[in-house]
Amino acid sequence: MAFGGGEPLGVPHCWELLELLASHGIALKLETDGSHIDAAAAERLARLGPLCVQISVDGATAGTHHRVRPGSSFSRTLAAIECLVAHGHPPQLVFVPNRLNLGEILAAYDGARRLGCEAFVTGPMMRIGRAAADWDRLACDALEWDRAVLALNERDQALGGGMRLAIYPWDILTEMERRLESPQAMLLVVPNGAVKLLNALPFVVADLRRDSLEGAWRAYLAGWRSQEVRTFVAACRARPELLRHANELWPLTAPPPAHRNA
């Protein structure tokens with residue numbers, strides 16, 4: 001079970017939930033900004049034996065990280081990584097490239113190695129959430145991103161071993177198109193219990209406040225075969241501005257509201 005954000009460790013009952021799941025043998029993945037991880041939290045996480053902890057670091061310097069993530073603390077994020085490494089659970093460092101930080105991607109990779117991270121994870125910035133709202137200002141030039149990928153691979157091959165380099169190959173449009181033919185075997189549940197097909201798609205197929213997991217799974221499988229979903233995905237290729245609806249919740253069986261065709 002994977003927990004993403006927002007910030008999952010900022011939820012008051014998160015530890016109770018994580019410990020309950022771990023006690024029943026469920027593997028855990030956690031995506032966090034590290035702001036709630038001190039030595040005590042790192043020890044508590046280590047006892048849970050998480051499969052993966054990912055910490056977002058969006059710059060090699062405090063200035064760039066703070067510019068990309070206003071209100072965050074670069075020093076606290078690095079301290080969280082150090083605490084996890086010290087407790088035997090080195091995290092993966094996640095770097096989201098954009099125009100503000102792309103020039104620091106190699107330095108961020110080097111920093112992740114120095115800190116003892118298990119992996120450096122990056123990939124094209126996804127056109128959803130805040131990125132979609134400010135896409136024209138933040139999105140990297142495709143050629144510059146290709147050069148960054150080449151430079152990362154060269155650096156990784158030169159240094160060899162000690163840390164895994166993971167570069168996601170798809171942008172969000174390609175992701176949606178690929179998932180139409182090969183959906184992930186994973187339900188996406190948002191905090192109110194609604195079950196969605198994918199973070200970039202607004203369609204809701206079930207609600208865990210009233211539906212069983214088995215029923216939600218059947219609805220999820222059916223949802224990916226829906227012509228309405230296929231039509232929307234195809235439209236996004238020509239009109240990527242439709243991705244601004246990603247955080248909305250559209251019942252798949254309801255008549256489409258007028259703004260779906262806007």
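Keep in mind that what you see is a predicted model, and the values were worked out from it rather than measured.

Observations concerning the sheet that holds strand β10 (residues 250-251)
With respect to topology, four strands assemble into an open sheet ordered β7-β8-β9-β10, the strand pairing being mixed. Each having just a single partner strand, β7 (188-189) and β10 make up the two edges of the open sheet. Inspection of the sheet shows β7 paired to strand β8 (residues 194-196) by two bridges, in the antiparallel sense. Bridging across to β8, V189 finds its partner in V195.

Looking at the side chain of Q92
Mapped onto the elements, Q92 comes out in strand β4 (residues 92-95). Among the residues examined, Q92 registers a relative accessible area of 10% and is labelled buried. A distance of 2.9 Å separates polar atoms of two side chains, one belonging to Q92 and the other to E118.

Some words on the packing of aromatic side chains
Aromatic ring pairs are reported here in terms of the distance separating the ring centres and the angle at which the planes meet. In this structure the tally under the stated criterion is eight aromatic pairs. Ring geometry for F203 and W250: centres 5.6 Å apart, planes at 80°, overall edge-to-face. Of this pair, F203 sits in strand β9 (residues 203-207) while W250 is found in strand β10, placing the two residues 47 residues apart along the sequence. Comparing F203 with W250, the two get one shared label, buried. Pairing F232 with W250 gives two aromatic rings, centres 5.7 Å apart and planes at 85°, and the pair type is edge-to-face. Pair noted here: F232 is in helix α11 (residues 227-238) and W250 is in strand β10, with a separation of 18 residues, a long-range link. Comparing F232 with W250 shows no difference in burial state: the two are buried. In textbook terms, an aromatic cluster arises when at least three aromatic residues are bridged by ring pairs, as seen for F95, Y109 and F120.

Overview of helix α10 (residues 213-224)
Over its 12 residues, α10 runs 17 Å from end to end, which matches the ideal 16 Å to within 8%, given 1.5 Å per residue. Listed as buried for α10 are G215, A216, Y220, G223 and W224. Across the axial projection of α10, the buried residues extend over an arc of 165°, all falling on one side. Turned more than 90 degrees off the buried face of α10, the exposed positions are E214 and R218. For α10, the secondary structure elements touched by its buried residues are α9 (172-181), β8, β9 and α11.

Rules used in this analysis
- Residues numbered from 1 in each chain as written.
- Predicted model: local features only at pLDDT ≥ 70, side-chain atom pairs only at ≥ 80, totals over all residues.
- Heavy atoms only, no water.
- Pairing = 2+ DSSP bridges.
- Helix = DSSP H or I, 4+ residues; strand = E, 2+ residues; numbered from the N terminus.
- Buried < 20%, exposed > 50% of the residue type's maximum accessible area, 1.4 Å probe, protein only.
- Polar contact = N/O pair within 3.5 Å; in protein donor to acceptor, adjacent residues only side chain to side chain.
- Phe/Tyr/Trp six-rings, centres within 6.5 Å; stacked < 30°, edge-to-face > 60°.
- Expected span 1.5 Å × (residues − 1).
- Arc of directions from axis to C-beta.
- Contact = heavy atoms within 4.5 Å.

Bear in mind that shape data such as this cannot, by itself, settle questions of function.
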